[in-house]
Protein chains: 2
Amino acid sequence: MFSKACEYGIRASTYIALQSHEGKRASLKDIARETDSPVAFTAKILQQLSKNKIIDSVQGAAGGFEIVKSKINHIKLSEIVYAIDGDNVYMGCGLGLEKCNANKPCPVHDKFVAIRDDLRDMLENTTLYEMTSGLEVGLTYLKR
Amino acid sequence: MFSKACEYGIRASTYIALQSHEGKRASLKDIARETDSPVAFTAKILQQLSKNKIIDSVQGAAGGFEIVKSKINHIKLSEIVYAIDGDNVYMGCGLGLEKCNANKPCPVHDKFVAIRDDLRDMLENTTLYEMTSGLEVGLTYLKR
DNA sequence: TCAAAATAGGACAATTTTGTCCTATTTAAT
DNA sequence: ATTAAATAGGACAAAATTGTCCTATTTTGA
C-alpha cells in the first residue's frame with residue numbers, strides 16, 4: 001500500500017512525536033533502533049519530513065529531531081504519506097489508467113473510489129497524537 | 001496499490017474475458033494493444049495467469065488466450081491479484097511490521113484492518129464477468 | 001512437408017526503490 | 001580553540017520491478 005520509505009517515515013514520525021510529548025529530542029540512532037529501520041535510509045526520510053515542515057531537525061551535538069508539542073495533535077497521517085508517497089495511493093486509478101474518471105471510468109472505478117475514499121478519510125482523520133497514545137501504555141508497537 | 005504487473009494482468013484478463021464471452025480467442029498482440037500494455041511484459045504476465053489456471057493459453061497458429069465461458073462468472077478479482085501480487089495488499093501491516101496482529105498491533109492496526117477488509121471484500125465479490133459488462137456498451141474502458 | 005503464426009521461456013537491460021558510505025557542516029561542552 | 005556528537009547531503013551500491021529481445025516450440029493451413 002505504502003512504499004517502504006513511507007512506512008519508515010510514519011513509524012519515525014510517531015516515535016518522534018512520542019518523545020517530543022515527553023519533552024525529549026530524538027536522535028537518528030534512537031529512531032532507527034526503536035522503529036527497527038535502516039539508519040542511513042531513515043536519515044534521508046527524516047530530511048524529507050523536515051523539509052516538508054512535519055518534523056524539526058536540530059543540528060550539532062545534542063541535536064536531533066522533534067515535533068513542536070502543539071503540532072502533535074494537528075499533524076495528520078495523510079500529511080506524512082503525502083510528503084513521501086504523494087497522493088497516488090488514494091487518488092490514482094486502481095488499474096493504472098492515466099485518465100480514469102467518473103466520465104470514462106475503468107471497470108472497477110466506482111468500487112475503488114469507495115475504498116480509496118475510506119482510506120483518505122482514515123488518513124485525514126488520524127493524528128500523530130492518536131498514534132502515540134497506545135504506545136505509552138504498551139498497547140501498540142512500532143517494531144516487531 | 002497493485003504492482004504494474006498486476007494492473008496489466010487485471011486489464012488483460014478482463015479483455016480476454018470480454019473476447020471469450022463472444023467466442024473469440026485473444027492474441028497477445030490484441031491484448032497488449034487493447035489494454036495499452038507493453039507486449040513482451042504482458043506475455044510474461046499471461047504465462048503467470050495461465051500457470052495459475054485463470055486463463056487458458058493455446059499455442060500455435062490461430063492460438064491465443066481464452067477463458068472458458070462458464071468460468072468468467074466465477075473468477076474473482078482477488079484470484080487474479082493473488083496470482084500476481086500475493087495477498088500482501090489486503091493482509092500485510094500498514095506500517096510494514098512483520099508480526100503485527102490484534103495482540104501486538106501497530107498504532108493504526110484496527111483502522112487498517114477495516115480498510116483492508118473492505119478491499120478484500122470488494123476483490124472477492126467482483127467477478128470478471130461483472131468487469132466486462134460495462135465494456136461492451138462503452139460505459140467503461142481498459143485504456144486511456 | 002513446409003511455411004507462417006502464435007505462445008513459451010531464458011537471458012538480458014533499464015528503471016525505480018531501497019539502502020550504504022563518506023565527507024561537510026553545525027553545535028554544545030570542555 | 002578544540003573536540004566530540006549530531007544532522008545534511010552527495011555519491012554510490014544493491015535489490016526489486018519493469019521491460020525487451022531472441023530463440024525454441026507448437027500448431028494450423030496450404
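Residues numbered from 1 in each chain as written. Chains lettered and ligands numbered in written order. Predicted model: local features only at pLDDT ≥ 70, side-chain atom pairs only at ≥ 80, totals over all residues. Heavy atoms only, no water.

Caption draft 1: Main features of the state of the cysteines. Residue and element names in this part refer to chain A. Counted by the stated rule, this structure contains zero disulfides over all chains. We note that Cys-93 lacks a disulfide partner, and the nearest cysteine sulfur, in Cys-100, lies 3.7 Å from it. Here Cys-106 stays unpaired: no disulfide links it, and the sulfur of Cys-93, its closest cysteine neighbor, is 3.8 Å away. (Disulfide = S-S within 2.5 Å.)

Caption draft 2: How the structure looks around the interface of chain B and chain A. Contact with chain B, which involves 39 residues of that partner, is made by 39 residues of chain A. Summed over both sides, the interface of chain B with chain A buries roughly 3400 Å², with 69% coming from carbon and sulfur. Contact with chain A buries surface across chain B, with Met-1, Leu-95 and Arg-144 of chain B losing the most and accounting together for 20% of the total. Connecting chain B to chain A are two salt bridges. Here Glu-130 of chain B and Lys-111 of chain A are joined by a salt bridge, their closest N and O atoms 2.8 Å apart. The set of elements that each furnish at least two residues to the side of chain B that touches chain A consists of helix H1 (4-21), helix H7 (109-124) and helix H8 (128-136) of chain B. Among the elements that line the side of chain B that touches chain A, the one with the most residues is H7 of chain B, at seven residues. (Contact = heavy atoms within 4.5 Å. Buried area = accessible area lost by both parts, 1.4 Å probe. Salt bridge = Lys/Arg side-chain N within 4 Å of Asp/Glu carboxyl O. Helix = DSSP H or I, 4+ residues; strand = E, 2+ residues; numbered from the N terminus.)

Caption draft 3: View of the relation of the copies chain B and chain A. If you rotate chain B by 180° and push it 0.0 Å along the axis, it lands on chain A with an RMSD of 0.0 Å. In symmetry terms, the pair is related by a two-fold rotation axis. Considering only C-alpha atoms, the part of chain B nearest the rotation axis is Met-1 of chain B, at 2.5 Å. Looking at chain B, 100% of its interface residues are interface residues in chain A too, so the copies touch through the same face. (Least-squares fit on C-alpha atoms with pLDDT ≥ 70 in both.)

Caption draft 4: Seen up close, helix H2 (residues 28-35) of chain A. Residue and element names in this part refer to chain A. Along H2, the positions that sit buried rather than exposed are Ile-31, Ala-32 and Thr-35. Along H2, the residues classed as buried sweep out an arc of 95° about the axis, all on the same side. Of the residues one or two after H2, Asp-36 is the one with positive phi, at around 55°. (Buried < 20%, exposed > 50% of the residue type's maximum accessible area, 1.4 Å probe, protein only. Arc of directions from axis to C-beta.)

Caption draft 5: Structural context of a negative patch on the surface. Where like charges cluster on the molecular surface, the negative patch consists of Asp-118, Asp-121 and Glu-124 of chain A together with Asp-118, Asp-121 and Glu-124 of chain B. Elements supplying a minimum of two residues to the negative patch: helix H7 (109-124) of chain A together with H7 of chain B. As for its placement among the helices and strands, Asp-118 of chain A is situated in helix H7. (Patch = residues over 30% accessible without salt bridge, like charges linked within 9 Å, V, L, I, M, F, W, Y side chains within 5 Å. Areas by Shrake-Rupley, 256 points an atom, 1.4 Å probe, with all protein chains shown as cover. Lys, Arg positive; Asp, Glu negative; His and termini not counted. Charge placed at Lys NZ, Arg CZ, Asp CG, Glu CD.)

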